[in-house]
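Residue strings, one per chain:
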Amino acid sequence: YVTHEIAAEKVMHDFFVTRPVQPRCHTAVRGESCYVAVTWAMKIGIEQHPAWYTGLSKDSTFEDFQAHMRKYIAADCAEPCAPPKKVAPVANVI
């Protein structure tokens, strides 16, 4: 048997640097094909083909449309991230 001493920290560091964790979600942004598809669906598709978008309305969020397209239309879209929550402004208390 031949054994080699290894620097475990370096091995682990090198492994994770070359294989970054993929995000669990990604909301499409301008310049991506998914963004084009979602914006088309929101502006035109929902009007021309409402049967394709069951459960959605013109008031649905971008993320709702992206999730629908990923699940039902097999669009090249990732699972969207949740939209940021709207936080009420905090009053100054002195």
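Everything that follows concerns the structure shown earlier in this document.
## Some thoughts on the side chain of Glu63
Phase 1 of the analysis: Along the chain, Glu63 falls in helix 3 (residues 62–73).
Phase 2 of the analysis: Beyond its immediate stretch of four places on either side in the chain, Glu63 contacts Thr27, Pro80, Cys81 and Pro83.

## Details of the state of the cysteines
Here, the word disulfide means a covalent bond between the sulfur atoms of two cysteines.
Phase 1 of the analysis: This structure, assessed with the given rule, holds 2 disulfides.
Phase 2 of the analysis: In this model, Cys25 is linked to Cys81 through a disulfide, with the two sulfur atoms separated by 2.0 Å. One quick way to see it: the torsion about the S-S bond of Cys25 and Cys81 is about 95°, and its sign makes the bridge right-handed. With Cys25 in the loop between helix 1 (8–18) and helix 2 (33–48) and Cys81 in the segment after helix 3, the pair connects residues that are 56 residues apart, well separated along the chain.
Phase 3 of the analysis: Judged by its relative accessible area of 28%, Cys25 is partly exposed.
Phase 4 of the analysis: The disulfide partner of Cys34 is Cys77, and the S-S distance across this bridge is 1.9 Å.

## Here we look at the nonpolar core
Phase 1 of the analysis: The biggest cluster of nonpolar side chains holds 12 residues, and these are Ala28, Cys34, Tyr35, Val38, Ala41, Ile46, Tyr53, Leu56, Phe62, Phe65, Met69 and Cys77.
Phase 2 of the analysis: Breaking this core down by element, the ones donating at least two residues are helix 2 and helix 3.
Phase 3 of the analysis: Looking at this core element by element, the count peaks at 5 residues for helix 2.

Parameters at a glance
- Residues numbered from 1 in each chain as written.
- Predicted model: local features only at pLDDT ≥ 70, side-chain atom pairs only at ≥ 80, totals over all residues.
- Heavy atoms only, no water.
- Helix = DSSP H or I, 4+ residues; strand = E, 2+ residues; numbered from the N terminus.
- Contact = heavy atoms within 4.5 Å.
- Disulfide = S-S within 2.5 Å.
- Buried < 20%, exposed > 50% of the residue type's maximum accessible area, 1.4 Å probe, protein only.
- Core = buried A, V, L, I, M, F, W, Y, C linked by side-chain atoms within 4.5 Å.

Function-wise, these values are silent; they only describe arrangement.
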